[in-house]
Amino acid sequence: MFIGKAAKTFQEKAVDLAKNMESEGLNRDDIWKATGEQFEAPMMRGADGEWRQEISDLGANLMNRETASTMADDLSAEMSKNPPLVGDKSIADWQALDDYAHGDAVNTARVYRHPDLLDAYPEKIGEDVGTAGYVRGQGDGVQGSYQSGPFGQKRITVYDGAQEPDSTMHHEVQHAIQDIERWASGSSPASAQRQIEQLRTKKKNLAGSYDNAKKWMASQARSLGMDRKMALRSHARQLKEIDRLRGYLKSHYYNGSKLTDKRRLILGSGQSILDPNIEHRMRTGISWPKRHRPQSERDAAYAEYIERATEEAEKQLDPDMVAEVRGETVKDPLKKYDRQIDAITKKLRDSEDFQEMERIKSTLDAADELQSRYDPDGISKPYDLYRDTAGEVESRVTQERRFMDMGERIELPPWRGATMQKSPRPVLMDSQGNIDVRRMAAGSAAVAGAGSASASLTDDDIMAEIGGEKSTGIGDFFGYIKNNVLDDYLGGVQRRGQQLVGLGQLAGNALLSFPEEVLSESADLSATLAYGAEAGDRMNAAVRQSLPGLQIPMDENARVFVQDVMPHIKRLPDAVQHVGGFVANMPNEVGDYWSSEASPRTGEALRSALNLQPFF
C-alpha cells in the first residue's frame, strides 16, 4: 500500500534522498532500490508527481460478518451475566460489532487489521473513515466503493458479492489514502462516460482556441516581416541553384566537362527549384539517350534539361524579388536572410503569445491522444477509461502486491508489475472529476523528454505552425531533420533506454551516421545531392529492417513507446518519404526502386500503422 506525507510514519529522510538522487539524474529504479534498502521505505513519484512510500500489507485482513455476529453475541451474553457500567468500553464494542454484523459502517480500526496502515493514519483512517463490510450489492458487479461526503464523512463499503473481500478492502483503502493526501483520484464506469462526453467538448474548444492563436501569431509574424524575408530567402536559394546549373552548362560549353558526370546533381537541383509535377512533365518530355549512345548525345539531353529547368524556374520567380536579391551587396544574400529570419524567429519564439499557443497545441494533442484511446470514431470506451484512471491503477497495484514482503517489494518496483504494464499512462482527473487534459499534456512532454515545446523550433517550424510554408531545399531538409527532429527524438530515445528500440532509432541512426558536413544546413548543396543516392539506400535499408514485410509489431511496449514519443515519431514517416523524393528518378537501380517502391510504400505503411497525418 502507498502512503504519503500526511502519514505519521512517512520517512522524510527517504524522500530527501529520493529528491537528491532525482536531481542528480538517477532513474526511478535506482531511487526505489536505494530508499528501500536504506530506509525500508521505497519511494516513487505517482502519476500526479507526488512522492509515495510503500508499506507492507502482510497479515492485513477485514473482519467478516459471521465473526462480528459471533463476537457480538458472546459479548452480549457476557454483559448479561455481568452488566457493565454506563460508559463502559464493552458497550461501545458490542454496539460496533452488532452494527457491522447488520451491514452498518463502523470505525475502520475496529474491523480492519493492518498495523502498518493504522500506525500511519491512526485517526485519519482508523477513526475518521467508516467501513461497512459484506453489504448487499446492487447486482451491477461492483465489489466495493469509497465515498467522501461534502461534510467530511468518509465511508468504505465492501459488498457481499466481492470475490476477495480482503483484496477489495485494500483497493478501497488506497482510495481513502488518495483522498487524504489529495492525490490523483479514482473513478467509476458511470462517471467515465460523462468524462468522455466532456472530453469531446474540451477538444472542440481547444481546436478553436488553437486556430485563433495561430491567426494571431501569423499576424505578428507578418508585422515583423517574416513572410517577406522568407520569400526573399526562397528566391535567393532558387537563384543560387539556377546559377549552379548554368555554371555546369558553361563549364560544359567552354571547358568540355561531361554533364553526365553530374547527372545526379543536375536532376537534384532541377527537382529542388521546380514544382514536382512541372519537373516530372518537363523531364519526361526530353528524349534521353541510352547509356550506350555517344557521350555528346547524352550531354545534349542534360544540357536541354538545364536550359528548360532554369527557364521554367525563372518564370515562377517574382521579378521584384529577383531584382532585390541580385541587388544585394553582400557576398551571400542567402546567409543574410537567414540571419534576419533567425532574429525574427527568436523574437516570436520567446514571446508569451507563442508559448501560450504551444501550450494550447500540446493540450490539444493530448486530447486527441485520449480520444483515440477512449472515444475512437465516436465509439466510447468508458470502462477502459475508468480502468486507466490514475487512482484506479494505483489501487489495483495495491491489490496486486498485497502478499509481497518488503524485500520482494524492493526487488520488483510497481511499474514492473502486470497492472502498470497494462496501464502505463494513467489518466489524471481535476478537482471537478473531469479529465485533466492540460496536466496530461505536461506529463507527456516530460515522459517524452521533449523539454520546452518551443525550445528547438526553427523559422520553418513557426511558419508551418501558424500557416506559412516550409522551404523545400534538400540542404535545408537534411538540416531540419537533424537539428529539429532527430535531436529531440533521439534525446527521448536515450532517456527511455532499452524500451526504445525500433523504427525511429534505426532510421535516426541511418541519418546520424552521415558526415557532419552533409547534414549541416550550411553544407554545399552539391555535396548533399551527391550523397542523395546513399541517403536513399541507407534510409531504405534501415526502414526495411524495422518493418519486416512493411508491418510494425505493435506489442504493448511498442504502443507505450509510440504514445510517449508521438510528437517526434509523427515527423518520421514523411521524412523518410521526403528523402525518397529527392533521390527519386535517378538513372540507376537504387533511385528507380526508391521512387517506385520503397518511398511511397514505406511512408504509407508507417502512417497507416501509426495512424498519422502527413507532416511535410
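Predicted, not measured: the structure shown is a model, and the values here were computed from it.

Turning our attention to the sheet that holds strand β2 (residues 43-45). Each strand in a sheet pairs with its neighbour through backbone hydrogen bonds, running either in the same direction (parallel) or in the opposite one (antiparallel). The strand order across the open sheet built from three strands is β1-β3-β2, with neighbouring strands paired in antiparallel fashion. Strands at the two margins of the open sheet, each flanked by one partner only, are β1 (2-3) and β2. Judged from the two bridges that link them, β1 and strand β3 (residues 51-54) form a sheet pairing that is antiparallel. By the bridge assignment for β3, Phe2 is matched with Glu54. Packing against the sheet, helix α2 (residues 28-39) makes contact with β1, β2 and β3, and its axis sits at approximately 150° to β2.

For the rest of this paragraph, the subject is the sheet that holds strand β8 (residues 144-148). Taken in spatial order, the four strands line up as β5-β7-β9-β8 in an open sheet, and their pairing is mixed. Either end of the sheet is taken by a strand with one partner, and the two such strands are β5 (106-107) and β8. In this fold helix α7 (residues 165-181) packs onto β7 (129-135), β8 and β9 (154-159), with an angle of close to 160° to the strand it touches most, β9.

Our next topic: α2. For α2, built from twelve residues, the straight-helix expectation of 16 Å at 1.5 Å per residue is met to within 8% by its first-to-last C-alpha distance of 16 Å. Buried residues of α2: Ile31, Trp32, Thr35 and Gly36, and no others. Looking straight down α2, one finds its buried side chains confined to an arc of 115°; they lie on one side. The outward face of α2, more than 90 degrees from its buried face, is lined by the exposed residues Glu37 and Gln38. As for α2, its buried residues are in contact with β1, α1 (12-23), β2, β3 and α18 (406-411). Structurally, the start of α2 carries an N-cap: the backbone nitrogen of Asp29 is 3.1 Å from a side-chain oxygen of Asn27. Among the residues trailing α2, Glu40 stands out with phi positive, at a value near 50°.

Let us now look at the environment of Leu267. By the element assignment, Leu267 lies in helix α10 (residues 263-273). A sequence separation of 42 residues divides Leu267 from Ala309, and the C-alpha atoms of the two residues are 9.5 Å apart.

Conventions used here
Residues numbered from 1 in each chain as written. Predicted model: local features only at pLDDT ≥ 70, side-chain atom pairs only at ≥ 80, totals over all residues. Heavy atoms only, no water. Pairing = 2+ DSSP bridges. Helix = DSSP H or I, 4+ residues; strand = E, 2+ residues; numbered from the N terminus. Contact = heavy atoms within 4.5 Å. Axes fitted to C-alpha atoms, helices over the stretch in contact; angles between N-to-C directions. Expected span 1.5 Å × (residues − 1). Buried < 20%, exposed > 50% of the residue type's maximum accessible area, 1.4 Å probe, protein only. Arc of directions from axis to C-beta. Polar contact = N/O pair within 3.5 Å; in protein donor to acceptor, adjacent residues only side chain to side chain.

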